[in-house]
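Fold and geometry: a report
These are the residues of each chain, in order.
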Amino acid sequence: MEKRDELYAGKAKSVYRTDDPQRLILHFRDDTSAFDGKKKESLARKGMVNNKFNAFIMEKLQAAGIPTHFEKLIADDECVVKNLEMIPVECVVRNVAAGGLVRRLGVEEGQALTPPTFELFLKDDAHGDPMINESLAETFGWATPEQLATMKALTFKVNDVLKQLFLDGGMLLVDYKLEFGLFDGEVMLGDEFSPDGCRLWDANTREKMDKDRFRQGLGGVIEAYEEVGRRIGITF
Ligand code: 5GP
């Protein structure tokens, strides 16, 4: 497969066309950002760590019957994925109260959420990824009711697989964000799953092991990502 021109550069990944219009190459860069790009830094090894982390998780999800865009690793910081038509909606599941939920509702951080919550956000940096709902998504044509139902079911299926995987490594999957797209009309998981887009706490000490270390200036960001990976069996 031949790597062609850059299609899109996001805050942490760049996407390249290939000689196959149905396939793209994702390049995980060392860049990290938070607060709508207001805080930015380059962290050594981040691209490699997140690429390998994402590949491991996507393969676990595929093995559990969840369709994903992931095809194969081709370099330490690159992988091949299916070229999805992305649905501009972010799906968030929360098992424990933290982050935006605590800020928005004033509930206690760390309280267990039973059953886990499900929220939708519009992928729109210019408006700060506002919270939306199924009615708005349907009216504005961001996703159909059928696509939303599939995305919700798949997002909860991911929770069943990953909550247990991380718990086996002594960690709590606090919350996470997923993005989906269409390939031949089928809804598939796209984007990435890495400690950049989820919250993971040590189950005993509740130490943060995810991107909140960067957002909150706690340091040891990539060391924490590698520790998470090591605990679930990834070798970097
Ligand atoms: P919150 O709504 O608490 O800010 O985010 C909930 C979860 O979704 C967190 O795990 C957070 O990392 C993830 N998340 C939500 N929106 C984004 C986003 O635009 N980028 C990234 N990297 N993660 C996000």
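Here's what I pulled together on the structure shown here. What you see is a predicted model; the values in this text were computed from it and never measured. Each residue is numbered by its place in its chain's sequence as written, counting from 1. Only residues with pLDDT of 70 or above have their local features reported here, since the model is predicted, and side-chain atom pairs are shown and tallied only from 80 upward, although totals for entire chains, interfaces and linings are computed over all residues. The side-chain figures draw on all heavy atoms in the structure; neither hydrogens nor water molecules are used.

Nearness is defined per residue: one heavy atom within 4 Å of the molecule or strand is enough. Close contacts around the ligand come from 15 residues, with Arg94, Gly100, Asp175, Asp196 and Arg199 the closest. Polar contact is defined as a pair of N or O atoms within 3.5 Å, subject to the rule that within protein one atom must be able to donate a hydrogen and the other to accept it, and that residues adjacent in sequence are counted only when both atoms are side-chain atoms. One of the side-chain N or O atoms of glutamate 90 is found 3.4 Å from a nitrogen atom in the ligand. In the model, an oxygen atom of the ligand is placed 2.6 Å from a nitrogen or oxygen of the aspartate 175 side chain. Accessibility throughout is a Shrake-Rupley quantity obtained with a 1.4 Å probe, and a residue counts as covered only by protein chains that appear here. With the chains in place, 78% of the 490 Å² that the ligand exposes on its own is no longer accessible. Listed by contribution, the elements that provide at least two residues to the shell around the ligand are β8 (85-96), α2 (99-105), β11 (171-183) and β13 (198-202). Only runs of H or I of at least four residues qualify as helices and only runs of E of at least two qualify as strands under DSSP, and these elements are numbered from the N terminus.

What follows deals with the packing of aromatic side chains. Pairs were defined over the aromatic rings of Phe, Tyr and Trp, the Trp ring being its six-membered one, requiring ring centres within 6.5 Å. Orientation was assigned from the angle between planes: stacked under 30 degrees, edge-to-face over 60, tilted for the rest. Inspection of the entire model under this criterion finds 4 aromatic pairs. Both rings, one in phenylalanine 140 and one in tryptophan 142, keep their centres 5.1 Å apart while their planes meet at 25 degrees; by these two values the pair is stacked. Ring-pair connections join several aromatic residues into one group, and the members of that group are Phe166, Tyr176 and Phe193. Counted as over-ring charges are cases with an Arg CZ or a Lys NZ within 6 Å of the ring centre that also lie within 35 degrees of the ring normal. One Lys or Arg, lysine 39, reaches over the ring of phenylalanine 214 and ends 4.8 Å from the middle of that ring.

Right, let's talk about the sheet that holds strand β1 (residues 3-9) for a bit. Two strands make a pair as long as DSSP finds a minimum of two bridges between them. On the basis of which strands lie adjacent, the open sheet formed by 5 strands has the order β1-β2-β3-β7-β6 and antiparallel pairing. Sheet topology places β1 and β6 (70-75) at the edges, where each strand pairs with a single neighbour. The sheet shows a mean angle of 30 degrees between the axes of neighbouring strands, taken without regard to direction. Sheet topology note: the β1/strand β2 (residues 13-18) ladder contains 4 bridges and is antiparallel. Axis geometry follows a simple rule: fit a line to the C-alpha atoms, using only the stretch in contact for helices, then measure angles between N-to-C directions, giving values from 0 to 180 degrees.

Turning our attention to the nonpolar core. Counting 46 residues, the largest nonpolar core has Ile57, Leu162, Phe166, Phe193 and Ile232 as the members making the most contacts within it. Here this core takes 7 residues from helix α4 (residues 145-168), the largest share from any one element. By definition, residues are in contact when any of their heavy atoms lie within 4.5 Å. Sequence-distant contacts of phenylalanine 166, that is, excluding residues within four places in its chain, are made with Phe53, Ile57, Met171, Leu173, Phe193, Leu200, Val228 and Ile232. Side-chain atoms within 4.5 Å link the members of a nonpolar core, which is a set of buried Ala, Val, Leu, Ile, Met, Phe, Trp, Tyr and Cys residues. Here's how the labels work: a residue is buried when its accessible area is under 20% of the maximum for its type, exposed when over 50%, partly exposed in between, all with a 1.4 Å probe on protein chains only. Core analysis: the next-biggest nonpolar cluster, separate from the first, contains 8 residues, Ala34, Leu43, Met48 and Tyr225 among them.

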